[in-house]
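Observations on chain architecture
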Amino acid sequence: MEYVNPEGLRLDGRRPMEMRQIRAEIGVVSRADGSASFEMGNTKVIAAVYGPREVQNRSQQINDQALVRCEYSMANFSTGDRRRKNKGDRRSTEISLVIRQTMEACILTHLMPRSQIDIFVQVLQADGGTRSACINAATLALADAGIPMRDLVTSCSAGYLNSTPLLDLNYLEDSAGGPDVTVGILPKLDKVTLLQMDAKLPMDIFENVMQLAVEGCKAVESHIREILLENTKKLEIRRGV
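Residues numbered from 1 in each chain as written. Predicted model: local features only at pLDDT ≥ 70, side-chain atom pairs only at ≥ 80, totals over all residues. Heavy atoms only, no water.

Within an unreviewed UniProt entry, the label attached to the protein chain reads Exosome complex component RRP41 homolog, and the organism entered is Nicotiana tabacum.

Written as structure tokens, this is what we have:
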């Protein structure tokens, strides 16, 4: 299958280094301490954060830092006719762990000892890049909850199809079987918190694909900061500041 035509356009009309449209909203779950929805093209996810609060299971309490828990799930209708994984399956457990470890790298857990922070992320519509979308949604939800962080952690993927590096893969590109690199970074600190690759790549090509994913992460960061700034201005107007 031809994923990049002779004119240099992908199946959805994008250029190889072009991201899908990003949309986000804060405060979408009224009873959560922080929440956000995040869309990358047709991939739509929602995240809710509860805490910091008292640890529910005292045996899990950590004396010098907060306990971070994460639960990832996919809505029954998120994938249409595609085969859906059941809640609690191996993939969901693995993605929950990946998101938790990625968020732990940015949360200042030592400022909240003996407490618990719960992060719930659910995929409402899946069209590739769900892992990255969930991390970006969780970052916004944590910011909305006022959780102290070292930096905003953002994520994006890139792949290699038809001898071409492609940014922000959709479902068709993601399921083509080519190499796929998912990256999470702390942009201001210039640190990588997540790096996953599901196929081998020559080192020179890998570096190009990873750099493309990093540029995607920085573009997401810019959008997230705009959302947070806009939200802050709205709060100031409500409070008459």
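**Quick notes on a nonpolar patch on the surface**
Applicable threshold: Patch membership needs two things, relative accessible area over 30% and no salt bridge, and members are linked within 9 Å if like-charged or within 5 Å if nonpolar (Val, Leu, Ile, Met, Phe, Trp, Tyr). All accessible-area figures derive from a Shrake-Rupley calculation using a 1.4 Å probe, and residue coverage is judged against the displayed protein chains alone. Within this document, salt bridges are pairs made up of a side-chain nitrogen of Lys or Arg and a carboxyl oxygen of Asp or Glu, the two lying within 4 Å of each other. The secondary structure listing takes helices from DSSP runs of H or I that are at least 4 residues long and strands from runs of E that are at least 2 residues long, numbered from the N terminus.
Taken together, the side chains of M1, L11, Y171 and L172 present a nonpolar region at the surface, about 410 Å² in accessible area. Structurally, L11 can be placed in the segment before β1 (22–26).

**Brief notes about the sheet that holds strand β5 (residues 115–125)**
Definition in use: Paired strands, in this sense, are two strands between which DSSP finds at least two bridges. Note on definitions: angles span 0 to 180 degrees between N-to-C directions of axes, and those axes are lines fitted to C-alpha atoms, for helices only across the stretch in contact. For this analysis, residues touch if any pair of their heavy atoms sits within 4.5 Å.
Strand order in the open sheet formed by 5 strands is β1-β2-β3-β5-β4, with mixed pairing between adjacent strands. Two strands close off the open sheet at either side, each with one partner strand: β1 and β4 (67–74). Direction aside, neighbouring strands of the sheet carry axes that sit 15 degrees apart on average. Pairing analysis gives 9 bridges linking strand β3 (residues 43–54) to β5, with the strands arranged antiparallel. Counterpart to I46 in the pairing with β5 is Q122. Sitting on the sheet, helix α1 (residues 90–104) is in contact with β4 and β5, with an inclination near 140 degrees to β4. Against the sheet, helix α2 (residues 130–144) contacts β1, β2 (34–40), β3, β4 and β5, and its axis sits at roughly 150 degrees relative to β2.

**Notes on unusual backbone geometry**
Here is the rule we go by: The buried label applies to any residue whose accessible area, calculated with a 1.4 Å probe on protein chains only, is under 20% of its type's maximum; exposed applies above 50%, and partly exposed to all values in between.
Looking along the chain, the bond that leaves G51 and enters P52 is cis, with omega of 5 degrees. Here P52 shows up in strand β3. You will see that S163, though not glycine, has its phi angle at about 60 degrees, which is positive. In this fold, S163 is placed in the loop between β6 (154–161) and β7 (164–167). When its relative accessible area of 61% is taken as the criterion, S163 is described as exposed. You will see that D190, though not glycine, has its phi angle at about 55 degrees, which is positive. As for its placement among the helices and strands, D190 is situated in the loop between β8 (180–186) and β9 (191–197). On the accessibility criterion, D190 (67% relative accessible area) is exposed.

**Regarding the environment of R15**
Defined as follows: Under this definition, polar contacts are N or O atom pairs within 3.5 Å; protein pairs additionally need one hydrogen-donor-capable and one acceptor-capable atom, and for neighbouring residues in sequence, both atoms have to be side-chain atoms.
Turning to its location among the elements, R15 is positioned in the segment before β1. Its relative accessible area of 45% is what places R15 among the partly exposed residues. Considered as a pair, R15 and G216 are 201 residues apart in the sequence and their alpha carbons are 13 Å apart. For R15, the contacting residues outside a window of four places in its chain are E7, G8, L9 and R10. Separated by 3.0 Å, the side chain of R15 and the backbone oxygen of E7 make a polar contact.

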